[in-house]
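Residue strings, one per chain:
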Amino acid sequence: MAGSPTLGGLLRLLLKHAAFTVGGGSVTTIALERDIVDDLRWLSKDRYRGLYGLARVTPGTNILALVTGIGWDFYRWPGALLGLACAAIPGAVLATLLAAGYEQAYGNPMVRRFLLGAAAAVCGFIAASIWKLISPYLGAEGRVLTLVVFAVGLGVSLLGISPFPVIVALAVMGYLSAR
Amino acid sequence: MTKLLVVYWTLLQSTLSSFSGLSSLPVIRHELVVERHWIDDKQLSAAVMIGRSTPGPMGVYVVCVGYFVAGYPGAVAGLLALATPALLIILLFRLLGDRVDDPRVKNAIRFVIIGGAGFSSATLIGMGRSALTAWWLAGLAALACGLLLRTRIATIWILAGAGAVAMMVN
């Protein structure tokens with residue numbers, strides 16, 4: 001481990017991802033892991049994944065819970081609140097401005113054309129982030145179990161069942177089945 | 001003021017009841033489109049589209065919903081509703097504390113992560129059906145996936161490149 005970040009350094013990193021990483025929370029999760037775990041070594045992979053697991057069982061937007069948890073882990077309330085603000089505000093401001101001008105912008109055929117390509121890229125980003133999330137668990141030992149749990153999540157979601165009880169049930173099953 | 005509080009409370013309920021992607025959508029549609037008629041389906045779709053196009057979480061579309069209902073104050077109410085539930089992780093942190101490193105807790109987290117990837121896959125299937133309507137769009141998606149996995153190019157540049165290619169294709 002290379003040590004803890006300064007509060008300013010942490011907030012700069014969160015702002016960078018909030019302003020420049022598109023594709024939703026799962027893509028940001030992987031991009032943050034690359035920076036915080038692989039490059040900067042502020043957290044171990046286990047610690048980061050532990051925080052991510054907590055964020056997944058927190059109601060609401062997972063990536064905001066994750067950055068709040070990361071901020072809390074390093075700097076308690078100042079880190080949590082400022083981290084949350086850095087992660088939420090840039091996208092919210094941009095989204096509000098786009099909402100204010102959306103009728104004019106989306107009436108433009110070139111903008112609609114651009115968004116076609118952008119939406120395709122976002123699909124690719126999500127596919128990549130799904131692979132990055134599950135690939136560490138596809139070793140020979142746990143492959144079948146991983147695929148079964150993955151299929152449960154996919155099936156439940158496709159059937160339109162509320163994910164909350166399923167997530168809780170998966171957490172309990174994982175807890176009880178640990179060896 | 002009352003309208004803003006209703007907007008905040010409705011959006012907060014929707015975000016509190018969701019754990020991934022757009023699963024907060026049914027609550028918002030029921031309350032604001034069907035029951036109160038404060039926005040219509042066209043505005044709701046626009047909000048989702050904007051949420052997908054901007055950096056940050058896709059859940060940011062609730063900010064747009066707030067804007068469509070009550071202008072800039074509504075957007076602030078949406079932002080607060082989006083951010084408030086994230087603080088619950090601190091409660092979980094305090095409850096679990098150092099037990100995050102316990103093998104049983106780690107295995108529980110493993111199950112949650114893998115199951116969560118399954119939920120994300122369902123979102124991808126839904127988005128893919130509406131977004132990948134031609135072979136070249138599927139190709140762009142595959143290329144974006146490969147670039148994200150194999151390179152360190154920031155996603156915003158990949159997205160801009162995909163948009164530029166789409167503008168050039170007839």
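Bear in mind that the values here come from a model prediction, so they are computed numbers and not experimental data.

A. Molecular detail of the nonpolar core. Leu32, Leu66 and Phe125 of chain A together with Val65 and Phe68 of chain B are the most contacted members of the largest nonpolar core, which totals 114 residues. In contact with leucine 32 of chain A, not counting residues within four places along its chain, are Leu13, Leu14, His17, Val37, Tyr48, Ile63, Leu66 and Val67 of chain A.

B. The side chain of threonine 58 of chain A, seen in detail. Residues and elements named next belong to chain A. Position of threonine 58 among the secondary structure elements: in the loop between helix 3 (45-56) and helix 4 (62-100). Given a relative accessible area of 0%, threonine 58 falls into the buried group. Here leucine 54 takes part through its backbone oxygen, which lies 2.7 Å from a polar atom of the side chain of threonine 58.

C. Highlighting the packing of helix 2 (residues 25-39) of chain A against helix 6 (residues 109-134) of chain A. Residues and elements named next belong to chain A. One way to put it is that helix 2 packs onto helix 6 with a least axis distance of 8 Å and a crossing angle of 55°. When the interaxial angle is binned, helix 2 and helix 6 end up oblique. Crossing of helix 2 against helix 6: the hand is left-handed. Taking contact as the criterion, the partners of Ser26, Val27 and Ile30 in helix 2 are, on helix 6, Phe125, Ile126, Ser129, Lys132 and Leu133.

D. Structural view of the interface of chain B and chain A. Taken residue by residue, the interface counts 89 residues in chain B and 96 residues in chain A. Carbon and sulfur atoms make up 76% of the surface buried where chain B meets chain A, a total of about 8500 Å² over both sides. Along the contact surface separating chain B from chain A lie two salt bridges. Scanning the region where chain B abuts chain A turns up 12 residue pairs in polar contact (both at pLDDT 80 or more). Among the elements that make up the side of chain B that touches chain A, the one with the highest residue count is helix 6 (residues 103-131) of chain B (25 residues). Partitioned by chemical class, the residues of the side of chain B that touches chain A number 61 nonpolar, 19 polar and nine charged.

The rules we used
Residues numbered from 1 in each chain as written. Chains lettered and ligands numbered in written order. Predicted model: local features only at pLDDT ≥ 70, side-chain atom pairs only at ≥ 80, totals over all residues. Heavy atoms only, no water. Core = buried A, V, L, I, M, F, W, Y, C linked by side-chain atoms within 4.5 Å. Buried < 20%, exposed > 50% of the residue type's maximum accessible area, 1.4 Å probe, protein only. Contact = heavy atoms within 4.5 Å. Helix = DSSP H or I, 4+ residues; strand = E, 2+ residues; numbered from the N terminus. Polar contact = N/O pair within 3.5 Å; in protein donor to acceptor, adjacent residues only side chain to side chain. Axes fitted to C-alpha atoms, helices over the stretch in contact; angles between N-to-C directions. Parallel < 35°, antiparallel > 145°, perpendicular 65-115°, else oblique. Left-handed = near helix turned anticlockwise from the far one by under 90°. Buried area = accessible area lost by both parts, 1.4 Å probe. Salt bridge = Lys/Arg side-chain N within 4 Å of Asp/Glu carboxyl O. Nonpolar A, V, L, I, M, F, W, Y, C, P; charged D, E, K, R; others polar.

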